[in-house]
Amino acid sequence: MEKLKIAGAYPLKGQIRVSGAKNSAVALIPATILAESPVTIEGLPDISDVSILKDLLEEIGGKVTLEDQMMHVDPSSMVSMPLPNGKVKKLRASYYLMGAMLGRFKKAVIGLPGGCHLGPRPIDQHIKGFEALGAKVTNEQGAIYLRADELRGARIYLDVVSVGATINIMLAAVKAKGKTIIENAAKEPEIIDVATLLTSMGAKIKGAGTDVIRIEGVEELKGCRHTIIPDRIEAGTFMILSAAMGDGVLIDNVIPQHLESVIAKLREMGVTVETSYDQIFVRRGEKVKAVDIKTLVHPGFPTDLQQPFSSLLTSAEGTSVVTDTIYSARFKHIDELRRMNANVKVEGRSAIITGPVQLQGAKVKASDLRAGAALVIAGLMAEGVTEITGLEHIDRGYSNLVEKLNGLGATIWREKMTEEEIEQMKSS
Ligand code: EPU
C-alpha cells in the first residue's frame with residue numbers, strides 16, 4: 001500500500017494533458033457486451049476502474065486486450081455468467097453490466113455496486129426502467145437478478161435526473177422490440193459518448209444530450225471502433241489546481257464547452273481563463289475573490305468538482321458557500337481541509353469557507369475519489385509536506401496523476417506505507 005507526498009506552495013507552469021473520460025469509459029466497456037463482433041475503444045484512461053471492468057468482461061467469457069490506452073473486446077463468446085460478488089463490488093459503474101447483459105442475454109445477476117460513499121445512492125430509477133422494458137427484477141442477498149422473456153420498448157419518465165439510469169436504460173433498450181422514449185433524461189456529455197458508440201454499433205438513438213431520448217430497437221449490433229471523449233472532471237481538476245497555484249498552465253485535450261460552468265466561476269473569482277479549440281489556459285490572478293457554488297445536473301456546476309473547488313476557495317478573499325444539491329454527504333474532505341488550517345464548516349448540504357488562509361501540510365486521508373483530488377490540490381497549495389493516504393480512491397479515477405503534476409513542476413511522489421501506518425489508517 002502506498003501514500004502520496006506533496007511538498008507544496010510552489011508555482012505550477014507548463015502543459016498537462018487530459019486522459020479519456022472515466023465516467024464514459026465505465027459505460028463504454030460494458031456496452032461492448034451488446035455487440036456480436038469485436039469492438040475497439042481508443043483513448044481509455046489508465047485507471048483501476050478500467051482494469052477491473054476488463055477482468056469482469058473476461059469473467060463472462062470475453063476476449064479482451066488492453067494496450068496503449070486501447071481496449072479490444074471480442075464479445076462473441078460471452079455468456080450470462082452471474083457476477084454476484086467480488087470485483088463488481090469495487091466500483092459503482094458495475095451497474096452498467098445489468099443493462100448490457102439484460103440487453104444481450106435477457107438475463108443477468110449482478111452484485112449491488114460499490115463506489116464512493118457520498119450519501120444514499122439508490123438505483124431505483126434503473127430498476128424502474130428495466131421493469132418498464134419487461135424485465136422481472138429481484139434483489140436476493142445483495143445481488144440484483146434480472147430476467148425477461150422478451151424486452152419491449154416503453155415510455156419511461158425518470159423521477160430523478162440520473163446519469164446512470166439514463167445510460168443503463170439505453171443499454172437495455174437498444175435491442176428491445178419497438179420504440180423506447182426516456183423522458184427527463186440526464187444530459188451529461190458521457191451519455192452522448194455512449195450513444196455515439198451504440199450508434200456506431202448499429203443502434204438507432206435520437207436525442208442523446210437532451211432530456212428526451214428516443215430509441216428504436218434493432219435485432220443485432222456489430223463491432224466498431226470508437227474514440228472516447230476527454231475527461232471533463234479531470235480537466236476541471238487541472239483548471240482548479242492551476243487557478244490555485246498556476247503561473248500559466250495549458251490544459252490540453254479538453255472540450256471547453258463541457259466546462260462552461262467551471263470557466264464562468266473561475267472568471268468570477270478573478271482567474272484568467274482562455275479557451276481555444278481543445279485547450280484551456282489558466283493563470284491565477286493577484287487576488288482571487290470568494291464565490292458561491294451550487295452543484296446541479298449538466299450543464300450546471302458538476303458535483304464531482306465541488307470538493308476540488310473547496311480547496312481553491314480557502315485561498316479566496318471573503319466567504320464562499322458551496323452547496324451540493326446532488327449528494328447529501330459529499331463533504332468528507334472538509335475535516336481533512338480543516339486539519340490543513342482551512343477555515344471551513346459544514347451546515348446541512350453546504351460548506352462555508354472563509355479565506356484567505358495559508359494551508360499547512362498535514363497527514364490526511366482521502367475518503368473518496370474527489371475528496372482525494374481536493375486533498376491533492378490542498379497539498380499543492382500548502383506550505384510544508386502533505387501526506388495523503390487512501391490512494392486507492394484517487395487511482396480509481398486519475399490516470400498517472402503523479403507524473404502529470406510533476407510535469408508542471410510540482411514535487412509529488414508515492415511512498416510505501418509501513419505496517420504500522422496501514423494499521424493506523426484502517427482504524428481511523
Ligand atoms: N438517484 C436516485 N435513484 C436512482 C439513481 C440516482 O435517487 O436510481 C439519485 C442519486 O442518489 C443522486 C442523483 O440521483 O442524488 C444523481 O445520481 P446519478 O444517477 O446521476 O449518479 P450516478 O450515475 O450514480 C454519475 C457519476 C458520478 C457523478 C454523478 C452525477 C459515474 C460512474 N458516476 O453517478 O461520478 O457524481 O453521475 O453527475 O458515471 C465521480 O466521478 O466521482 C462520481 C461520483
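Residues numbered from 1 in each chain as written. Predicted model: local features only at pLDDT ≥ 70, side-chain atom pairs only at ≥ 80, totals over all residues. Heavy atoms only, no water.

Undergrad: Let's hear about the sheet that holds strand β1 (residues 2–7): which residues, and what values?
TA: Within the open sheet, the four strands sit side by side as β21-β22-β1-β23. Their pairing is mixed. Each edge of the open sheet is held by one strand with a lone partner, namely β21 (363–365) and β23 (411–416). Adjacent strand axes in the sheet meet at a mean angle of 25°, parallel and antiparallel pairs treated alike. The sheet strands contacting helix α11 (residues 369–381) are β1, β21, β22 (385–389) and β23, and the helix crosses β1 at an angle near 35°. (Pairing = 2+ DSSP bridges. Helix = DSSP H or I, 4+ residues; strand = E, 2+ residues; numbered from the N terminus. Axes fitted to C-alpha atoms, helices over the stretch in contact; angles between N-to-C directions. Contact = heavy atoms within 4.5 Å.)

Undergrad: Mind laying out the site of the ligand, listing which residues take part and the relevant values?
TA: Neighbouring the ligand are 25 residues, the closest being Gln 125, Ser 162, Asp 304, Ile 326 and Arg 370. At a separation of 3.3 Å, an oxygen atom of the ligand approaches a polar side-chain atom of Arg 92. Contact distances for the ligand include 3.1 Å between an oxygen atom and a side-chain N or O atom of Arg 330. Look at the ligand: alone it shows 830 Å² of surface, and the protein chains cover 91% of it. Broken down by class, the residue content of the shell around the ligand amounts to 12 nonpolar, six polar and seven charged. Residues from two domains meet in the shell around the ligand; each of domain 1 (2–19 + 230–427) and domain 2 (22–227) gives at least three. (Near = heavy atom within 4 Å. Polar contact = N/O pair within 3.5 Å; in protein donor to acceptor, adjacent residues only side chain to side chain. Areas by Shrake-Rupley, 256 points an atom, 1.4 Å probe, with all protein chains shown as cover. Nonpolar A, V, L, I, M, F, W, Y, C, P; charged D, E, K, R; others polar. Domains from an automatic or database assignment.)

Undergrad: Just give me the short version of unusual backbone geometry, but keep the residues and values in it.
TA: In this model, His 298 is joined to Pro 299 through a cis peptide bond whose omega is 10°. Tracing the chain through its elements places Pro 299 in the loop between β17 (293–295) and α9 (306–313). The linkage connecting Gly 355 with the following residue, Pro 356, adopts the cis geometry, with an omega of 0°. Here Ala 9, not a glycine, exhibits a phi torsion of approximately 70°, which is positive. Looking at where Ala 9 falls in the secondary structure, it is placed in the loop between β1 and β2 (12–17). Even without glycine at this site, Asn 184 takes up a positive phi of about 60°. With respect to the helices, strands and loops of the structure, Asn 184 is situated in the loop between β10 (179–183) and α6 (189–200).

Undergrad: I'd like a rundown of the sheet that holds strand β18 (residues 318–324), residues and numbers included.
TA: In spatial order, the strands read β17-β18-β20-β19; together these four strands make up an open sheet with mixed pairing. Each having just a single partner strand, β17 and β19 (343–347) make up the two edges of the open sheet. On average, each strand axis in the sheet is inclined to that of its neighbour by 15°, with strand direction left out of account. Looking at chain direction, β17 and β18 are connected through three bridges and run parallel. Bridge assignment links Lys 294 to a residue of β18, and that residue is Thr 323. Of the strands in this sheet, β17, β18 and β20 (350–355) are in contact with α9, which crosses β18 at around 175°.

Undergrad: How would you summarise the environment of Glu 387 if you had to cite specific residues and measurements?
TA: Among the structural elements, Glu 387 can be located in strand β22. Judged by its relative accessible area of 14%, Glu 387 falls in the buried class. Sequence separation between Glu 387 and Leu 4 is 383 residues; the distance between their C-alpha atoms is 5.7 Å. For Glu 387, the contacting residues outside a window of four places in its chain are Lys 3, Leu 4, Lys 5, Ala 362, Lys 363, Val 364 and Glu 421. (Buried < 20%, exposed > 50% of the residue type's maximum accessible area, 1.4 Å probe, protein only.)

Undergrad: How would you explain a nonpolar patch on the surface if you had to name every residue and give the values?
TA: Residues Val 161, Val 297 and Ile 326 make up a contiguous nonpolar surface patch of about 180 Å² in total accessible area. When you line up the elements, Val 297 lands in the loop between β17 and α9. Classification of Val 297 as partly exposed rests on a relative accessible area of 35%. (Patch = residues over 30% accessible without salt bridge, like charges linked within 9 Å, V, L, I, M, F, W, Y side chains within 5 Å. Salt bridge = Lys/Arg side-chain N within 4 Å of Asp/Glu carboxyl O.)

Undergrad: Tell me about the domain arrangement of the protein chain, and please be specific about residues and values.
TA: A common way to report how large an interface is uses the accessible area buried once the components associate. Taken domain by domain, the protein chain holds domain 1 (2–19 + 230–427) and domain 2 (22–227). Taking only C-alpha atoms into account, the centre of domain 1 sits 30 Å from that of domain 2. Across the contact, 21 residues belong to domain 1 and 20 residues belong to domain 2. For the pair domain 1 and domain 2, the summed buried area comes to about 1800 Å², and 51% of that belongs to carbon and sulfur atoms. Of all residues in domain 1, the largest losses of buried area upon contact with domain 2 belong to His 298, Tyr 327 and Arg 396, amounting jointly to 35% of the total for that side. Our count for the domain 1 to domain 2 interface comes out at two salt bridges. For Glu 190, the salt bridge goes to Arg 232, with nearest N and O atoms at 2.8 Å. The interface formed by domain 1 and domain 2 contains seven residue pairs in polar contact (both at pLDDT 80 or more). The residue inventory of the side of domain 1 that touches domain 2, partitioned by class, reads five nonpolar, seven polar and nine charged. (Buried area = accessible area lost by both parts, 1.4 Å probe.)

Undergrad: Describe the packing of aromatic side chains, listing the residues and the values that go with them.
TA: Considering all chains together, one arrives at two aromatic pairs under this definition. Ring geometry for Tyr 95 and Tyr 96: centres 4.8 Å apart, planes at 80°, overall edge-to-face. Like Tyr 95, the residue Tyr 96 is buried in the burial classification. Taking 5.4 Å as the distance between ring centres and 90° as the angle between the ring planes, the aromatic pair formed by Phe 301 and Phe 309 counts as edge-to-face. (Phe/Tyr/Trp six-rings, centres within 6.5 Å; stacked < 30°, edge-to-face > 60°.)

Undergrad: Which residues make up the pattern of salt bridges, and what values do they have?
TA: Under the counting rule described, the total for this entry stands at 23 salt bridges. Salt-bridge contacts for Asp 159 lead to Lys 128; the nearest nitrogen and oxygen are separated by 3.0 Å. Within this pair, whereas Asp 159 is found in the loop between β9 (155–157) and α5 (163–173), its partner Lys 128 is found in helix α4 (residues 124–132), the two being separated by 31 residues in sequence. With relative accessibility at 29%, the residue Lys 128 sits in the partly exposed group. The salt bridge involving Glu 347 is made with Lys 345; its shortest N-O contact spans 3.5 Å. Here Glu 347 falls in the partly exposed class, since its relative accessible area comes to 45%. When salt bridges that share partners are traced, they join Glu 2, Asp 395 and Arg 414 into one network.

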